[in-house]
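Reading the structure
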Amino acid sequence: MIVLTTAVTIAAQTDTASDLTSNQQADNKPVVQSALSQSDIAPGQAVTFRVTVLVPTWLSKPIEFPQFDSPNLSVKLPEKSTVSTSQTINGKTWSGVAREYQVVPLTPGTFQLPPSSLEVHYRSPQNDRDIVANVPLPAQTLTVTVPKGAEDLRPYIAARDLTLTQKIDGEPDKLRPGDSFSRKVTATIQGSTVMFIPLLQSQTHVDGLAAYPDTPKAVDHSDFRDNDTGKRTEKVTFVAEAPTRGELPAITLRWYDLDDGSIQTATVDALKIRVKGASVVRSFSLAQWLLVLALVGLALWLAKRWLPAFAQRVRTRYLDYREASGQEVLARLRKAAKKRDYTSALVAAVELEHTQDYITSDIPAALLALGRARYGDTAATETDMHLWQRFELAIDAYAAQRSASTRKKDLPPLNPHHQV
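These lines cover the structure that appears in this document, whether it is placed above or below. Predicted model only: the values in this text are computed from it and were never measured.

Taken in spatial order, the three strands make up an open sheet running S2-S10-S7, and their pairing is mixed. Across the chains shown, the open sheet's two edge strands, defined by having one partner strand only, are strand S2 (40-41) and strand S7 (109-113). Note that S2 and strand S10 (residues 140-144) share two bridges and pair parallel. Looking at the pairing, isoleucine 41 lines up with valine 144 of S10.

Turning our attention to the packing of aromatic side chains. Applying the stated criterion across every chain, the model contains six aromatic pairs. An aromatic cluster is present here, built from Phe49, Phe68 and Tyr101 joined pairwise through their rings.

Two measures define how a pair of helices packs: the angle their axes make with one another and the distance between the axes. The geometry of helix H5 (residues 342-350) relative to helix H7 (residues 363-375) is characterised by a closest axis approach of 11 Å and an angle of 145 degrees between their N-to-C directions. The two elements H5 and H7 cross, and the hand of that crossing is left-handed. Contacts from Tyr342, Ala345, Leu346 and Ala349 in H5 reach Leu367, Leu370, Gly371, Arg374 and Tyr375 in H7. Taken together, the residues of the contact of H5 with H7 break down into seven nonpolar, one polar and one charged.

So, about a nonpolar patch on the surface. Side chains of Trp289, Val292, Val296 and Leu300 sit close together on the surface and give an oily, nonpolar patch of about 380 Å² of accessible area. Note on placement: valine 292 falls in helix H3 (residues 286-325). Its relative accessible area of 33% is what places valine 292 among the partly exposed residues.

Each value, and the rule that gives it
- Residues numbered from 1 in each chain as written.
- Predicted model: local features only at pLDDT ≥ 70, side-chain atom pairs only at ≥ 80, totals over all residues.
- Heavy atoms only, no water.
- Pairing = 2+ DSSP bridges.
- Helix = DSSP H or I, 4+ residues; strand = E, 2+ residues; numbered from the N terminus.
- Phe/Tyr/Trp six-rings, centres within 6.5 Å; stacked < 30°, edge-to-face > 60°.
- Axes fitted to C-alpha atoms, helices over the stretch in contact; angles between N-to-C directions.
- Left-handed = near helix turned anticlockwise from the far one by under 90°.
- Contact = heavy atoms within 4.5 Å.
- Nonpolar A, V, L, I, M, F, W, Y, C, P; charged D, E, K, R; others polar.
- Patch = residues over 30% accessible without salt bridge, like charges linked within 9 Å, V, L, I, M, F, W, Y side chains within 5 Å.
- Areas by Shrake-Rupley, 256 points an atom, 1.4 Å probe, with all protein chains shown as cover.
- Salt bridge = Lys/Arg side-chain N within 4 Å of Asp/Glu carboxyl O.
- Buried < 20%, exposed > 50% of the residue type's maximum accessible area, 1.4 Å probe, protein only.

Rendered as structure tokens:
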């Protein structure tokens, strides 16, 4: 196919005026040449579709080539797909550009690269003006049939070459529970696309091993001037969980050789697996499971019987503690101050009147000021907002004083001494 592609390229560059109509030669109109390197091929076989555009002078603007899209037909641009070219026509050099498409049919059938047109901008031979011409690009038909002898291939793969390699990191036959190893398998295909290569490591189950596959990597490298190749790489990491002996199976691909028409086989060897030692996770016996279930049931029964009473006792003790420490009264004072409820504030303050630290605090004075503002001769237009703020500050100061006093009682003296 490479030889045929080269021949087509050379022929396109050395065509003479005999390939052109007399009108094209006389009118100096752009010339479009197109051809497939092969028209009857097998599924998966890559061919070249070459389009050449020639003008009598030079192109003044790059040509926008069409994009071909058809079901079950892969059409891509290989590396360096567009190049400059020239031909001698009637003793004169015509210049232009050539583009190559990589075409790979994925299934049997008849495919067509539909007709289109190219807008060509080039310099006029008579003056310095640019000329714009729309030149038709005729359709191309591709007939694809499965070669004889390859009808039973499952999956069907046709290529010029196909190899399988594997790389093992670790020692799969010398494992202990908790150890790991990885198996990396690479398939390399030439003369076709990597899309034909199926999942390579589909059978990874071995008792006592856990499999963790990476995301497969598949890439095509296409350049019809060199070898077009594709690679699919799959890596799976295996972790030993329990003592076992087994085997990861060999991987085999049967494929049709496009060069000699034969069925070939690519394969990598199987892997022996051996794990020694105690299991990482020991399985419970039936008696152990029954004991665990009995203990869980007993715990649930005890929780249902005793937990509500225990929770109520804890709540009661907590409320008693808040009441004794004055925290409950302080909470009611803060709530009354927030709601600007003078009556509730007085009721809460009554419970603190028997304590010395309350009498010496700023709360009584703040309440007296609020009462004078509410029931005295204060003008109705005056606001008591600042008095409520003063009341809130007095509550905060009182709470801080009680907290400091409590800490002093709880801490032992720094320098203890004994009286003689």
